[in-house]
Amino acid sequence: MSNPAGLPETGPVRSGAGVWRDLVGQHSAVSTLRRAVSERGHSMTHAWLFTGPPGSGRSNVARSFAAALQCHQSGCGTCNACRTTISGAHPDVTAVRTEKLSIGVDEVRALVRKASMSPTTARHQIIIIEDADRITESGANALLKSIEEPAPRTVWMLCAPTPDDVVVTVRSRCRSLHLATPSNAAVAALLVERDGVDEAMATFAARVAQGHIGRARIVATSEEVRNRRHEILKIPGRLVSVGACLYAADDIVKAAAAEAERITADIDIQERAALSEALGLGGKKGNARRAAASLKELEDSQKARTKRLQRDALDRMLSELTTYYRDVLVVQVTDGDPGRLVNADLVAQLQRSAASASAEGVVRCLGAILQCRTALEANVAPLLAVEAMLLSFAEVTGASAAR
């Protein structure tokens, strides 16, 4: 095969063989982890904190490391221990990814109880928390003692965007390993090799995803996602009035809510049916009070999941807009070389926006995106947060860019 996506000839795209083969661009981190697996001495510790930007593969690195620790060949990738760990079926490897906005103390206590048990079939009892940045303060306090005084064969693996996202008392007791953002060329080459994506599409998807492997794959394989991205990036040029801003904000929030509901609708029905059957509803008489409480708890959990998915959809929109205004700034301060742009397919639109505002104004737009993200994290109503952001855009570039 020819060199896909202009991949440099300086080394392999992937970071190793066996369980490490799909960890793109993480050669340094994988080298450290392989040393820990092989030596099992000073290089190994009972608590790890994997950090890195979204899409860098934090949870994949944790699962690969867990598989290598359980494997008698240090991560061959083909034995039962490797396959069940990677797939999530290994009885002594527990991986947690919350569907809620936070991981509470009750969930953490359940993990602590699991961590205190001896492994049933393998070398280690391994607990992976993929969203350690979502652990509440009370949850962190419950986790702390288990990390300070772990069971002899227990290994904790926490994943978060940055060390600062984890409570200091917890992160100070973990060995930190930061993951790099894979290069666009490496991501494109993976899409070509692993997923059979056309080279041109792989290059485009890797560029607009900015090193986020999962996002790149979705962009490359879904025309719907590509169309949605295109519509989002047309928003700045449509903000010609206050009314246009309010209409656009309403459309954005409704689209995010619809996406979340589309994902959860069937799951919600199945979960409610399973719980109703377990409680004996609709047939045999059960404990009405207990049944009502259980159904209410399920509904609250489902609402929290939908809220998180809506927020995730809005966050993707904010990321797309961030790349747009980043590109506008690049056009203003450089010669506008398409090779430097994330959204190189929108050069004409970027040039119009760059001509309609000062660099200071574009920086204000980037600040408005950050303020919107902060407001959403503080549980401000999504519609209000998005309206405020779009009105800020319109003040700087919207009306002029549309003329």
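In what follows, the structure referred to is the one given above.
Residues numbered from 1 in each chain as written. Predicted model: local features only at pLDDT ≥ 70, side-chain atom pairs only at ≥ 80, totals over all residues. Heavy atoms only, no water.

A. Just helix 9 (residues 213–221), in detail. Every buried residue of helix 9 is listed here: I213, R215, A216, V219 and A220. Here the buried residues of helix 9 occupy an arc of 160 degrees about the axis, which is enough to place them on one side. The inward-facing, buried residues of helix 9 abut helix 7 (184–195), helix 8 (199–209), helix 10 (223–233) and helix 12 (288–333). (Buried < 20%, exposed > 50% of the residue type's maximum accessible area, 1.4 Å probe, protein only. Helix = DSSP H or I, 4+ residues; strand = E, 2+ residues; numbered from the N terminus. Arc of directions from axis to C-beta. Contact = heavy atoms within 4.5 Å.)

B. Representation of the nonpolar core in the model. Core analysis: the largest hydrophobic core is formed by 39 residues, its most contacted members being L239, M317, V386, M389, L390 and F393. Counting residues per element, the ones that place at least two in this core are helix 10, helix 11 (242–279), helix 12, helix 13 (347–356), helix 14 (359–377) and helix 15 (382–402). Top element by residues in this core is helix 12. It accounts for ten residues. Each residue touching M317, except ones within four places of it in the same chain, is listed here: I232, I252, V386 and M389. In this structure, W48, A66, C82 and M157 belong to the second largest nonpolar core, which totals 28 residues. (Core = buried A, V, L, I, M, F, W, Y, C linked by side-chain atoms within 4.5 Å.)

C. Broad picture of the pairing of strand 4 (residues 154–160). For strand 4, the tally of buried residues reaches seven of seven residues, placing the bulk of the element in the interior. Side chains T154, W156, L158 and A160 project from strand 4 onto one buried face, and the interleaved V155, M157 and C159 project onto a second face that is buried too. Sheet analysis places strand 3 (residues 125–129) next to strand 4, joined by five bridges and oriented parallel. Looking across to strand 4, one finds that I126 is bridged to V155. For the segment spanning strand 3, helix 5 (residues 137–148) and strand 4, crossover handedness is right-handed. (Pairing = 2+ DSSP bridges. Right-handed = clockwise from strand over helix to strand, strands pointing away.)

D. Molecular detail of unusual backbone geometry. The residue Q210 is not glycine, and still its phi comes out positive at about 55 degrees. Of note, Q210 is situated in the loop between helix 8 and helix 9. Even without being a glycine, N379 presents a positive backbone phi close to 65 degrees. N379 gets classed as partly exposed once you look at its relative accessible area, which sits at 47%.

E. Expanded view of the sheet that holds strand 1 (residues 47–51). Strand order in the open sheet made by the five strands is 2-3-4-1-5, with parallel pairing throughout. Of all strands in the sheet, those bounded by a partner on one side alone are strand 2 (93–96) and strand 5 (175–178). Strand-to-strand twist in this sheet, taken as the mean axis angle between neighbours without regard to direction, amounts to 15 degrees. Across four bridges, strand 2 lies against strand 3 in parallel orientation. (Axes fitted to C-alpha atoms, helices over the stretch in contact; angles between N-to-C directions.)

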